[in-house]
Amino acid sequence: MRRSRRQFVENLTGSDYVLCTRGSGNYSIRFYEALSCGRIPVFVNPDCVLPFEEWIDWRQHCVWVEEGDINRLPERIAEFHERLSPGEFEERQRACRRLWSEWLSPYGFFKNLRRYFG
């Protein structure tokens, strides 16, 4: 089990983009794992609601692909990547990590949860 998890994390951190599709529920844990590792999620949207979407422009932080457009996935990734200079690409990865840390880590999530109540 440890070896499998280590291989998974090595694969995740060794990738620039991480494919994030829904699991058995209408969400993707891989989406949050990618952000926590500072990787750019390739988010296949199954018509779900993401946390804090009133304050976070999720399309700025990931390659957004609608579920019905899955056949264009490679093109979407290429289009996204071509719009970024090498420096912008690295900054986007750092921004993904900051987003996770400030909004989605346990501390960040509970710090921002109050926004829904006030």
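Use the structure listed above.
Residue numbers restart at each chain and count upward from 1, following the sequence in its written direction. Residues qualify for local features only when their pLDDT is at least 70, as the model is predicted, and side-chain atom pairs are given and counted only at 80 or more; totals for whole chains, interfaces and linings, by contrast, use all residues. In computing side-chain values, all of the structure's heavy atoms are included and hydrogens and water are not.

Caption draft 1: Structural view of the side chain of Asn45. Helix and strand definitions here come from DSSP, where helices need a minimum of 4 consecutive H or I residues and strands a minimum of 2 consecutive E residues; each element is numbered from the N-terminal end. Assignment of secondary structure puts Asn45 in strand E2 (residues 40-45). Owing to a relative accessible area of 8%, Asn45 belongs among the buried residues under this scheme. Definition of a polar contact: a pair of N or O atoms within 3.5 Å, with one able to donate and the other able to accept a hydrogen when the atoms are protein atoms, and with sequence-neighbouring residues admitted only if both atoms are side-chain atoms. For Asn45, the side chain forms a polar contact with the main-chain nitrogen of Asp47, separated by 2.9 Å. Reaching out from Asn45, the side chain makes a polar contact with the backbone nitrogen of Cys48 at a distance of 3.2 Å. Excluding residues within four positions of it along the chain, Asn45 makes contact with Trp64, Val65, Glu66 and Glu67. Working definition: with a 1.4 Å probe on protein chains only, accessible area under 20% of the residue-type maximum means buried, over 50% means exposed, and in between means partly exposed. We call two residues contacting when some pair of their heavy atoms lies within 4.5 Å.

Caption draft 2: Representation of the environment of Cys62 in the model. Following the sequence through the fold, Cys62 ends up in the loop between helix H3 (58-61) and strand E3 (63-66). For Cys62, a relative accessible area of 1% gives the class buried. With 53 residues separating them in the primary sequence, Cys62 and Arg115 have C-alpha atoms 23 Å apart. When neighbours within four sequence positions are excluded, Cys62 is seen to be in contact with Phe31, Ile40, Pro41, Phe43 and Phe80.

Caption draft 3: Seen up close, the packing of helix H2 (residues 29-36) against helix H5 (residues 86-104). Only the contacting stretch of a helix is used when fitting its axis, a line to C-alpha atoms as for every element, and angles between N-to-C directions run 0 to 180 degrees. At a minimum axis separation of 7 Å, H2 and H5 run at an interaxial angle of 115 degrees. As far as their axial angle goes, H5 and H2 are roughly perpendicular. Residues Tyr32, Leu35 and Ser36 of H2 lie in contact with H5, whose contacting residues are Cys96, Arg97, Leu99, Trp100 and Leu104. Residue composition of the contact of H2 with H5, grouped by class: 6 nonpolar, 1 polar and 1 charged. Should an angle lie under 35 degrees it is considered roughly parallel, over 145 roughly antiparallel, and from 65 to 115 roughly perpendicular; all remaining angles are considered oblique. Following the grouping adopted for this structure description, the nonpolar residues are Ala, Val, Leu, Ile, Met, Phe, Trp, Tyr, Cys and Pro, the charged ones are Asp, Glu, Lys and Arg, and the polar ones are all others, Gly among them.

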